[in-house]
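# Analysis of the macromolecular model
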Amino acid sequence: AQTVTQSQPEMSVQEAETVTLSCTYDTSESDYYLFWYKQPPSRQMILVIRQEAYKQQNATENRFSVNFQKAAKSFSLKISDSQLGDAAMYFCAYRSAMRGGADGLTFGKGTHLIIQP
Amino acid sequence: DGGITQSPKYLFRKEGQNVTLSCEQNLNHDAMYWYRQDPGQGLRLIYYSQIVNDFQKGDIAEGYSVSREKKESFPLTVTSAQKNPTAFYLCATETGVGNQPQHFGDGTRLSIL
């Protein structure tokens, strides 16, 4: 079974600064997908960014980028120019590519990101 | 609007009672999922369904049941066998294609009376 570990229960960053959230995972599979989801106080789950394991290039979405290290099984999220609206819980998630990836996501326990004005 | 509707937003259960959480989608997605979220635990998979009339247990299925009679609907019943049902429940859907992300409903908060 796959596991996802987020070692930082809470992180704090000044507005406009850059912060990196850590995620490691354990799998014996070679083909899979990785995701970062954001959950603001409204508790809605919002996709931030995704990465296919077969792609070497790190995914980027505006101020959000990842550092995907397949050999190290690491998938960190970098948020540049942090904004107050970025304050939320952030979850790293893994999905197997086997059986079309239809077996659901495996989530880490989350990192609570605080933005200091 | 296309989306996922979970109802009710808040639900209270008495001891020994079964309760059903509703999840309806009009995204025409084949796959549907139920997750449970506890503080400090992240989301854990309860049940999932890839097609109508078929579903599989997830990691924490004990004390729960589901049905998938229609593509649009995937209700979750929390039975009296679930001794610690207090949690936030999230329904999700996806197309079942490759790297497409899951889409989530707004959740149901279940508490014990």
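Scroll up a little and you will see the structure.
Let me begin by describing the structure that accompanies this report. (Residues numbered from 1 in each chain as written. Chains lettered and ligands numbered in written order. Predicted model: local features only at pLDDT ≥ 70, side-chain atom pairs only at ≥ 80, totals over all residues. Heavy atoms only, no water.)

## Looking at the pairing of strand S9 (residues 74-79) of chain A
Side chains on a regular strand alternate between the two faces of the sheet. Residue and element names in this part refer to chain A. Applied cut-off: The buried label goes to any residue with under 20% of its type's maximum accessible area, the exposed label to any with over 50%, and the partly exposed label to all in between, with areas taken from a 1.4 Å probe on protein chains only. Starting at the N terminus, helices and strands are each numbered in turn, a helix being any DSSP run of H or I of at least four residues and a strand any DSSP run of E of at least two. Note on pairing: DSSP must find at least two bridges between two strands before they are called paired.
Of all 6 residues in S9, 5 are buried, a share of seventy percent or more. Bridging between strand S3 (residues 19-21) and S9 involves 3 bridges; their strand directions are antiparallel. The residue of S9 that forms the bridge with Leu 21 is Leu 77. Bridge count for strand S8 (residues 64-69) against S9 is 6 bridges, and the pairing is antiparallel. Within S9, the residue paired with Val 66 across the bridge is Leu 77.

## Some words on the sheet that holds strand S7 (residues 64-66) of chain B
Residue and element names in this part refer to chain B. Under the convention used in this document: In this analysis an axis means a line fitted to C-alpha atoms, helices contributing only their contacting stretch, and an angle means the value between N-to-C directions, from 0 to 180 degrees.
Strand order across the open sheet formed by 4 strands is S1-S3-S8-S7, with antiparallel pairing between neighbours. Looking at strand neighbours, the two that pair on one side only are strand S1 (4-7) and S7, the edges of this open sheet. Neighbour-to-neighbour, the strand axes of the sheet open up by a mean angle of 20 degrees, direction not taken into account.

## What to know about unusual backbone geometry
Residue B:Pro8 follows B:Ser7 across a cis peptide bond; omega there is -5 degrees. The residue B:Pro8 is located in the loop between S1 and strand S2 (10-13) in this model. One non-glycine residue, A:Arg43, lies in the positive phi region at around 75 degrees. According to the relative accessible area criterion, A:Arg43 is partly exposed, its value standing at 27%. The phi dihedral of A:Asn62 falls on the positive side, at around 55 degrees, and the residue is not glycine. With respect to the element layout, A:Asn62 can be found in the loop between strand S7 (60-61) and S8.

## Here we look at the environment of A:Leu84
Within the secondary structure, A:Leu84 is located in the loop between S9 and strand S10 (88-96). Relative accessible area serves as the criterion here: at 45%, A:Leu84 is assigned to the partly exposed category.

## Some remarks on the side chain of A:Lys38
Residues and elements named next belong to chain A. Selection criterion: Positive charges are assigned to Lys and Arg, negative charges to Asp and Glu, while His and the chain termini are left out of the count. Any carboxyl oxygen of Asp or Glu within 4 Å of a side-chain nitrogen of Lys or Arg constitutes a salt bridge here. Residues adjacent in sequence count toward polar contacts only when both atoms are side-chain atoms; beyond that, a polar contact is any pair of N or O atoms within 3.5 Å, and within protein one must be able to donate a hydrogen and the other to accept it. For this analysis, residues touch if any pair of their heavy atoms sits within 4.5 Å.
Here Lys 38 lies in strand S5 (residues 32-39). The buried charged residue Lys 38 lacks any salt bridge, with Asp 86 as its nearest oppositely charged partner at 4.4 Å. Separated by 2.8 Å, the side chain of Lys 38 and the backbone oxygen of Gly 85 make a polar contact. Excluding residues within four positions of it along the chain, Lys 38 makes contact with Gln 44, Met 45, Ile 46, Val 48, Gly 85, Asp 86, Ala 88, Met 89 and Tyr 90.

## Focus on the pattern of salt bridges
Residue and element names in this part refer to chain B. All chains considered together, the criterion is met by 7 salt bridges over all chains. Note that Asp 38 and Arg 36 form a salt bridge whose closest N and O atoms lie 2.8 Å from each other. Across the pair Arg 44 and Asp 38 runs a salt bridge, and its minimum N-O distance is 2.9 Å. Because the salt bridges share partners, they merge into one network encompassing Arg 36, Asp 38 and Arg 44.

## Thoughts on the interface of chain A and chain B
Convention followed: As used here, buried area is the combined drop in accessible area, with a 1.4 Å probe, of two parts when they are placed together. Gly is placed with the polar residues, together with every amino acid not listed as nonpolar (Ala, Val, Leu, Ile, Met, Phe, Trp, Tyr, Cys and Pro) or charged (Asp, Glu, Lys and Arg).
At the interface, 22 residues of chain A touch 23 residues of chain B. Both sides of the chain A and chain B interface together cover about 1,900 Å² of buried area, and 47% of this is carbon and sulfur. Applying the counting rule to chain A against chain B returns 1 salt bridge. Summed over the shared surface of chain A and chain B, the result is 6 residue pairs in polar contact (both at pLDDT 80 or more). Elements that contribute at least two residues to the side of chain A that touches chain B include exactly S5, strand S6 (46-52) and S10 of chain A. Taken together, the residues of the side of chain A that touches chain B break down into 9 nonpolar, 6 polar and 7 charged.

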